[in-house]
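# Structural description and commentary
Each chain is listed here by its residues.
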Amino acid sequence: MTSSALYAVSFLPGSAGWRFFLFERVLPIALWIIAAILANRFVNWSSARVTVRIDSQFRNSDSLVRSESAKHQHALIQVVSWVAIAAIYLFAAYQVVKALGVPINALVAPATVIGAALGFGAQRVVQDLLAGFFLITERQYGFGDVVNLSLTGGSTAEGTVSDVTLRVTKLRNTDGEVITVPNGQIIKATNLSKDWARAVVDVPLPKNVDMGKVNALLHRVGERAYHDPVMSALLLDEPSLMGVESIDLDQVNVRMVARTLPGKQFEVGRNLRERIVRSLATAGIAVDPVADAVEDDKEPT
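Within each chain, residues carry numbers counting from 1 in the order of the written sequence. Selection of residues for local features in this predicted model requires a pLDDT of at least 70, selection of side-chain atom pairs for listing and counting requires 80 or more, and totals for whole chains, interfaces and linings are taken over all residues. Where side-chain values are given, they derive from all heavy atoms of the structure, hydrogens and water being excluded.

## Thoughts on the environment of T174
Formally: Strands here are runs of E lasting at least two residues and helices are runs of H or I lasting at least four, both read from the DSSP assignment and numbered beginning at the N terminus. The buried label applies to any residue whose accessible area, calculated with a 1.4 Å probe on protein chains only, is under 20% of its type's maximum; exposed applies above 50%, and partly exposed to all values in between.
With respect to the helices, strands and loops of the structure, T174 is situated in the loop between β3 (168-172) and β4 (178-182). For T174, a relative accessible area of 83% translates into the label exposed. The spatial distance from the C-alpha of T174 to the C-alpha of E158 is 8.8 Å, given a sequence separation of 16 residues.

Here is the structure:
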């Protein structure tokens, strides 16, 4: 019996036709759909297990303080699971169409036209996928990194990376809001927690201040901070005094820098400023408010 005859029999009102329709059409489709759902859950379960194993090393510490390989593995697992789920559903859709008896060869020409139309209309999606691919392979940032993203149109997005896929990057800012950024719109990515960070504190002082006395005082501040039990866990080495950074008409700016764990430069900077202000006030030296800079760098090899 030919395929067209079988297709006609499937719609006959007799019991044979209904049995054929049930076992040759409905049952395979239902099995493929159930298999796709189970495979999807298995992929999610497997990725969750691997992610928990990676995160188990950081249960007693801040999520920002991670090794670069752990961040990359976390992001890579998310991307692989996303691609696997997409492939599962595409394969299941192909099998459903095949089970319906629709000739696949007849769909080649329409699929070509639809693919060309989607190619022109979905250029942004393709751009996002390519940008995400290079973002992951080049390890620009990973899960748990604090980043500042410059986007097309002059806008920026800053926060902690909570999810990375081939298409989008999700950030959670300090207000708890989740920001979703398409990867193709990222012009520049500034990683604030790559390997290590640097807290930079500029101290404005009067021009007639005794620089010898100030230098000795700031050196003591750095030593005490480094030997403090709380601060020593955040500092990679003792804060160093860089000396006079700039000279204005009525003041001089003295700079102190400190290398910190990834993402801890803000906390260390606040602590150092508090210690410096308290020490200078005790010594009777006035300090005017000034904006502090924060720089981040990758550890030199």
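Now that the structure has been shown, the text picks up again.
## Considering the confidence of the model for the protein
Low-pLDDT stretches of the model should not have their predicted coordinates read in fine detail. Test applied: The pLDDT value expresses, per residue, how confident the predictor is, ranging between 0 and 100. Whether two residues touch is decided by their heavy atoms; if any such pair falls within 4.5 Å, the residues are in contact.
For the protein, the average pLDDT comes to 77, and 75% of its residues sit at 70 or higher. Model confidence for the protein, summarised as mean pLDDT per element, is weakest for strand β9 (residues 294-297) at 46 and strongest for β4 at 91. Contacts from residues 1-13, a stretch scored under 50 in pLDDT, to residues over four places away or in other chains number twelve contacts. When the criterion is pLDDT under 50, residues 290-301 qualifies, and its contacts beyond four places in sequence or with other chains add up to 29 contacts.

## Let's talk about helix α6 (residues 211-227)
We count it as follows: Expected helix span is given by 1.5 Å per residue-to-residue step, counting one fewer step than there are residues. Think of the arc as the fan of directions from the helix axis to the C-beta atoms.
Taking 1.5 Å per residue as the helical rise, α6 with its 17 residues ought to reach 24 Å, and the 24 Å between its terminal C-alpha atoms agrees with that figure. Within the span of α6, buried status applies to V214, L217, L218, V221, G222 and A225. Considered in projection along α6, the buried side chains sweep an arc of 140° and stay on one side of the axis. More than 90 degrees from the buried face of α6, the exposed residues found are R224 and H227.

## Structural notes on the pairing of strand β2 (residues 156-164)
In summary, the side chains of a regular strand alternate between the two faces of the sheet. Formally: Only strands that DSSP links by at least two bridges are regarded as paired with each other.
Relative to β2, strand β1 (residues 146-151) is paired through five bridges, and the arrangement is antiparallel. Note on β2: the bridge partner recorded for S150 is T156. Hairpin geometry of β1 and β2 is characterised by an intervening segment of four residues between the two adjacent antiparallel strands and by a positive phi of about 95° at G153. With four bridges joining them, β2 and β3 adopt antiparallel strand pairing. Across the sheet, T160 pairs through a bridge with R172, a residue of β3.

## A few points about a nonpolar patch on the surface
Here is the rule: Patch members must show over 30% relative accessible area and no salt bridge, and they are joined within 9 Å when carrying like charges or within 5 Å when they are nonpolar side chains of Val, Leu, Ile, Met, Phe, Trp or Tyr. Computed with the Shrake-Rupley method and a 1.4 Å probe, the accessible areas treat only the protein chains shown as cover for residues. Any carboxyl oxygen of Asp or Glu that lies within 4 Å of a side-chain nitrogen of Lys or Arg is treated as forming a salt bridge with it.
A cluster of nonpolar residues, W82, V83, V125 and L129, forms a patch on the protein surface that exposes about 290 Å² of accessible area. Elements supplying a minimum of two residues to the nonpolar patch: α3 (68-99) and α5 (123-137). As for its position among the elements, V125 is in helix α5. Judged by relative accessible area, which is 37%, V125 ranks as partly exposed.

## As for α5
The terminal C-alpha atoms of α5 lie 21 Å apart, and with 15 residues this matches the ideal 21 Å at 1.5 Å per residue to within 8%. Of the positions making up α5, those classed as buried are D128, G132, L135 and I136. Taken around the axis of α5, the buried residues stretch over an arc of 90°, which confines them to a single face. Positioned one or two residues after α5, R139 has a phi angle of 55°, which is positive.

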